[in-house]
Amino acid sequence: MTSTSRIVRSALALVAVLLLPLVGPLGVASAETTAQDQTWQLEKWDRPQRMCVQHGTDDRVHQSYFIFAVTGDWSTDLDYGMRDLPPGWTSTESVLPPGSNHPDPDDGGVTINGWLLVGGPVSVPMGVYDAQIRVSDGTVTESTPVEIVVTTASWLDCMQARG
């Protein structure tokens, strides 16, 4: 692993840690389909992660990250990405290779093992877009909600408006 790669991964881990107070503790995401032998789960927050986007009429693009954690053990690739994004927006789609991720036995904390780069035009209609992070092993697909808020309010006011 190159030193640049280590720096980028460290920076992403730091961002994930800093975002945790904004999204709250973890819970378990709901499954769209179930399998009796499923050995992994997509964790979800007590409330959806939120991205606040300053609306504009020009051709600027907003980009940011959503984070997620898959826990348990999995022996096949887990495909992940997003759906229900605002018009013209995209996200990274990738795979978590076979592996495991278990809560810390002392404090229950889990390692963030997924980052999704999300971006699109700031000129989309203002509003709250209820998007989904989705993870699938090809048999079971789980999802957890996120909010993309396109507004004229400041970032701080937008984040505080969620209550």
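See the structure shown above.
It should be emphasised that the depicted structure is a prediction, and the values quoted were computed from it without experimental measurement. (Residues numbered from 1 in each chain as written. Predicted model: local features only at pLDDT ≥ 70, side-chain atom pairs only at ≥ 80, totals over all residues. Heavy atoms only, no water.)

**Student:** I tried to follow the sheet that holds strand β11 (residues 127–136) on my own but got confused; where do I start?
**Tutor:** Within a sheet, neighbouring strands are paired by backbone hydrogen bonds and run either parallel or antiparallel to one another. In spatial order, the strands read β3-β12-β11-β6-β8; together these 5 strands make up an open sheet with mixed pairing. At either margin of the open sheet sits one strand with a lone partner, and together these are β3 (49–54) and β8 (94–96). Averaged over neighbouring strand pairs, the angle between their axes works out to 25 degrees when direction is ignored. (Pairing = 2+ DSSP bridges. Helix = DSSP H or I, 4+ residues; strand = E, 2+ residues; numbered from the N terminus. Axes fitted to C-alpha atoms, helices over the stretch in contact; angles between N-to-C directions.)

**Student:** What should I look at first to understand the nonpolar core in this one?
**Tutor:** A general trend in soluble globular proteins is that nonpolar side chains are found buried together. Counting residues in each nonpolar core, the largest one holds 26 residues, and the members touching the most others are Phe68, Val70, Met82, Val118 and Ile148. Broken down by element, this core gets its largest block of residues, 4 residues, from β11. Core analysis: the second largest hydrophobic core is formed by 5 residues, Trp45, Ile67, Ala69 and Val110 among them. (Core = buried A, V, L, I, M, F, W, Y, C linked by side-chain atoms within 4.5 Å. Buried < 20%, exposed > 50% of the residue type's maximum accessible area, 1.4 Å probe, protein only.)

**Student:** Just to check I follow, could you spell out the environment of Asp59 for this structure?
**Tutor:** Examined against the element boundaries, Asp59 turns out to sit in the loop between β3 and β4 (61–68). Asp59 gets classed as exposed once you look at its relative accessible area, which sits at 73%. Separated by 63 residues in the primary sequence, Asp59 and Val122 place their C-alpha atoms 7.2 Å from one another.

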